[in-house]
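# Secondary and tertiary structure notes
So the chains spell out like this:
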Amino acid sequence: MIGVSTYLESGARWGVWELDAALLPVGYPRLVQRAGGLAAMLPPDDPAHAAAAVARLDGLVIAGGPDVEPVRYGAEPHPRTGPPARARDAWELALIDAGLAAGIPVLGICRGMQLLNVALGGTLVQHIDGHAEVVGVFGSHSVKPVPGSLYAGVVAEEASVPTYHHQAVDRLGAGLVASAYAEDGTVEAIELPSASWVLGVQWHPEMGDDLRVMQALVRAAGG
């Protein structure tokens, strides 16, 4: 059972309805399912409930989404940083803390990777160019694994990945190491060697056909 964090959005529309909704792009649960796992969607909740939610899971995915509020890593907002999503930040940081404490496999995707870094005391670059070239359209670029890393054990070769982000990891959080880079030097994957299986990827595997990262999470969750 792999839990995936979700959004809360006001005024979502489907059929005759326009209501507040807990949303998740379908690529995330489909990726879990295609990799052999069962997907459970985790809407934002009181952070005090995170440990109880995680206790029912075998693995955790923190999904992509809006920018992490800079106050979370001691910075002032950059003019290009998006509006805060404070309830989601609080809930997902609590999920990460609970997942790490419980020792279950954790995968952060895009925002999820950045939030993993922030949860462990790291910081972010609030704006970079070249990784989200057209608004609302996923691009692609190559990422190169660091030999000997957890990520390199999953994807050994340089690979083209679906990408859409304008922020990136700056100072790594406590215990984290970089495990893949883009050609421009942007950190594209991070991991926590002291844990059994904790990985963050800056790209969006749910938008592609490469199942290996999610399959590795599902295997670790089943172990």
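Placed above this text is the structure.
Here's a quick rundown of the structure.

Scoring rules and cut-offs
Residues numbered from 1 in each chain as written. Predicted model: local features only at pLDDT ≥ 70, side-chain atom pairs only at ≥ 80, totals over all residues. Heavy atoms only, no water. Helix = DSSP H or I, 4+ residues; strand = E, 2+ residues; numbered from the N terminus. Rg over C-alpha atoms; globule rule 2.2 N^0.38 Å. Buried < 20%, exposed > 50% of the residue type's maximum accessible area, 1.4 Å probe, protein only. Contact = heavy atoms within 4.5 Å. Phe/Tyr/Trp six-rings, centres within 6.5 Å; stacked < 30°, edge-to-face > 60°. Lys NZ or Arg CZ within 6 Å of the ring centre and 35° of its normal. Core = buried A, V, L, I, M, F, W, Y, C linked by side-chain atoms within 4.5 Å. Pairing = 2+ DSSP bridges. Patch = residues over 30% accessible without salt bridge, like charges linked within 9 Å, V, L, I, M, F, W, Y side chains within 5 Å. Areas by Shrake-Rupley, 256 points an atom, 1.4 Å probe, with all protein chains shown as cover. Salt bridge = Lys/Arg side-chain N within 4 Å of Asp/Glu carboxyl O.

### Some points on the overall build of the protein
Of the regular secondary structure elements, the protein holds 6 helices and 13 strands. Here the protein has a C-alpha radius of gyration of 16 Å; the compact-globule value for 223 residues is 17 Å, and the two agree. Expressed as a percentage of its 223 residues, the buried residues of the protein come to 52%. Nonlocal contacts in the protein, meaning residues at least 24 apart in sequence, comprise 68% of its contacts between residues at least 6 apart.

### Overview of the packing of aromatic side chains
Each aromatic ring pair is specified by the distance between its two centres and by the angle formed by the two planes. This structure, assessed with the given rule, holds 2 aromatic pairs. Taking the centre distance of 5.8 Å and the plane angle of 55 degrees together, the rings of Phe138 and Tyr164 count as tilted. With Phe138 in the loop between β7 (124-125) and β8 (139-145) and Tyr164 in the loop between β9 (159-163) and β10 (168-169), the pair connects residues that are 26 residues apart, well separated along the chain. What makes Tyr164 partly exposed here is its relative accessible area of 28%. Stacked on the ring of Tyr7, the Lys or Arg Arg88 has its end atom at 4.4 Å from the ring centre.

### Side note on the nonpolar core
Core analysis: the largest hydrophobic core is formed by 31 residues, its most contacted members being Val61, Leu107, Tyr151 and Met214. Taken together, the elements giving at least two residues each to this core come down to β1 (2-5), α1 (27-34), β6 (106-109), α5 (150-154), β9, β13 (198-201) and α6 (212-222). When residues in this core are grouped by element, the largest group, 6 residues, is from α6. Look past the residues within four positions of Met214 in its chain and what remains in contact with it is Leu31, Val32, Ala35, Val61 and Leu107. Of all hydrophobic cores here, the second largest spans 28 residues; its members include Leu60, Trp91, Leu116 and Val198.

### Describing helix α4 (residues 111-119)
Along α4, 8 of the 9 residues are buried, which leaves the element largely enclosed by surrounding structure. Every buried residue of α4 is listed here: Arg111, Gly112, Met113, Gln114, Leu115, Leu116, Asn117 and Val118. Of the residues trailing α4, Gly121 is marked for its positive phi of about 90 degrees.

### Some remarks on the pairing of strand β12 (residues 187-191)
Consecutive side chains along a regular strand alternate between the two faces of the sheet. Of all 5 residues that make up β12, 5 are buried, and the element is covered over most of its length. Bridge analysis of strand β11 (residues 177-182) against β12 gives 4 bridges, and the strand direction is antiparallel. The residue bridging Ala178 from the neighbouring strand is Ile190, located in β12. Linking β11 to β12, which pair antiparallel, is a turn of 4 residues; within it Gly185 sits at a positive phi near 95 degrees. Bridging between β12 and β13 involves 3 bridges; their strand directions are antiparallel. Its bridge partner being in β13, Ile190 is matched across the sheet by Gly200. Two successive antiparallel strands, β12 and β13, enclose a turn made up of 6 residues.

### Re the side chain of Thr6
By the element assignment, Thr6 lies in the loop between β1 and β2 (7-14). Residue class for Thr6 comes out buried when judged on its relative accessible area of 1%. Setting aside anything within four residues of it in sequence, one finds Thr6 in contact with Ala22, Leu23, Leu24, Met41, Leu42, Pro43, Pro44, Arg88 and Glu92.

### Considerations on a nonpolar patch on the surface
A contiguous nonpolar surface patch, about 480 Å² in accessible area, is contributed by Trp14, Val16, Trp17 and Leu19. Here Val16 falls in the exposed class, since its relative accessible area comes to 77%.

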